[in-house]
Amino acid sequence: MNCLPVPLRRKALEQRNAVKELYVSSRPFLFSLQPLFHENVEDIFNYSAFQWAWCSINTRTVYLKPVKSEYLCEDLEGFALAPYLDLLNHNPQVQVHAEFNNTSRCYEIKATLPYKRYDQVFICYGPHDNHRLLLEYGFVSSNNPHSVVYIEKDVIFACLSKKDKQIAQKMSILKEHGFLENLTFDFDGPSWRLFTALKLLCLEPEEFNLWKNVLHGASVSEGNEKKRLELAKRICLHLIHENQEAMQKVSVLKKARSELQEHLHMVEALRLEELRILQASAEVLANLTSVVSSMT
């Protein structure tokens with residue numbers, strides 16, 4: 001768990017706690033089923049069994065429009081298990097159309113591209129990045145076009161100049177307007193949200209009154225542009241170093257903990273994908289810096 005990127009680690013812990021809370025809240029109902037079993041229900045419906053059941057539902061269900069019934073809860077979510085569906089592997093590059101056909105009474109999946117006989121048929125679980133795929137499905141997809149690197153506010157803060165006396169105020173504005181969430185790098189460089197947040201953080205005292213314009217996408221000055229590119233590069237290099245250190249830890253653990261090979265391989269694949277994204281972003285930022293410098 002400690003080898004995972006911080007944003008994913010936090011989500012994994014949140015998910016673990018949510019499953020634990022769901023189990024605790026479900027225990028009265030589960031234990032009320034004792035008359036139906038000869039065995040002790042505490043041995044049958046233990047936390048390990050509950051985790052298995054939750055993972056089976058969470059990773060294998062598909063959406064199905066709920067059917068109204070006096071025997072079902074009114075706020076029932078529309079999930080269904082479709083036999084054999086989980087035999088189809090995920091590929092982020094393919095497109096399919098999937099839904100329940102009310103006429104044939106079957107769940108149908110139609111590929112938008114032709115397949116040759118004996119070729120493996122893939123489906124797409126959705127436009128998910130590798131954090132989502134690992135958290136929800138337990139695997140990482142190589143060359144995933146939806147992959148991004150998430151940036152925590154603590155990383156941004158660590159890369160800021162401590163001489164700026166308006167940092168706290170700027171961070172408060174970004175938080176209030178939702179600009180400290182979903183800040184990312186991808187293969188094309190920093191996202192618009194990240195660049196916007198960095199633009200505001202790089203405002204000089206005499207430019208600070210322009211912060212509302214910045215949040216709406218307005219440019220400020222050449223000096224601000226240079227500063228935000230430099231800040232973006234510092235953040236990118238910080239994360240590159242962090243990923244390299246994490247991969248070294250994984251390499252050591254792979255030699256010491258043979259029972260964790262499968263898990264560590266996925267963490268290594270995730271870290272390697274993030275490293276490729278950050279290196280591509282660093283190149284994009286270097287090119288942008290050259291363009292800005294040539295214009296001054």
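As shown above, the structure is provided for reference.
This text gives an overview of the structure that appears in the document. All residue numbers here refer to positions counted from 1 along the written sequence of the relevant chain. Note on the predicted model: pLDDT of at least 70 is required for a residue's local features to be given, and 80 or more for side-chain atom pairs to be given and counted; whole-chain, interface and lining totals, by contrast, use all residues. Just so you know, side-chain values use all the structure's heavy atoms and leave hydrogens and water out.

**Observations concerning the nonpolar core**
- Ile151, Ile156, Phe185 and Ile235 are the most contacted members of the largest nonpolar core, which totals 39 residues.
- Strands here mean DSSP runs of E at least two residues long; helices mean DSSP runs of H or I at least four residues long; both are numbered from the N terminus. Breaking this core down by element, the ones donating at least two residues are helix H5 (153-159), helix H6 (167-176), helix H7 (192-201), helix H8 (211-215), helix H9 (222-256) and helix H10 (261-294).
- Looking at which element gives the most residues to this core, the answer is H9, with eight residues.
- Throughout, a contact is declared for two residues whenever any of their heavy atoms are within 4.5 Å. Those residues within four positions of Ile235 in sequence are excluded, and the remaining contacts are Ile151, Val155, Ile156, Cys159, Phe185 and Leu198.
- In terms of nonpolar packing, the next biggest core, distinct from the first, is built from ten residues, Cys3, Leu134, Val140 and Leu264 among them. We define the nonpolar core as a collection of buried residues of types Ala, Val, Leu, Ile, Met, Phe, Trp, Tyr and Cys that are connected through side-chain atoms lying within 4.5 Å of one another. Throughout, exposure labels follow a simple rule: accessible area from a 1.4 Å probe, protein chains only, divided by the maximum for the residue type, with under 20% read as buried, over 50% as exposed, and the rest as partly exposed.

**Looking at the pattern of salt bridges**
- When a carboxyl oxygen of Asp or Glu is within 4 Å of a side-chain nitrogen of Lys or Arg, the pair counts as a salt bridge. All told, the structure shown has eleven salt bridges when counted by the stated rule.
- Its salt-bridge partner being Glu152, residue Arg10 comes within 2.7 Å of it at the nearest N-O pair. Taken together, the residues span a long stretch of sequence, with Arg10 in helix H1 (residues 6-31) and Glu152 in the loop between strand E7 (149-150) and H5 at a distance of 142 residues.
- Of the residues examined, Arg10 reaches a relative accessible area of 34% and is grouped as partly exposed.
- Among the charged side chains, a salt-bridge network with shared partners connects Arg10, Glu14 and Glu152.

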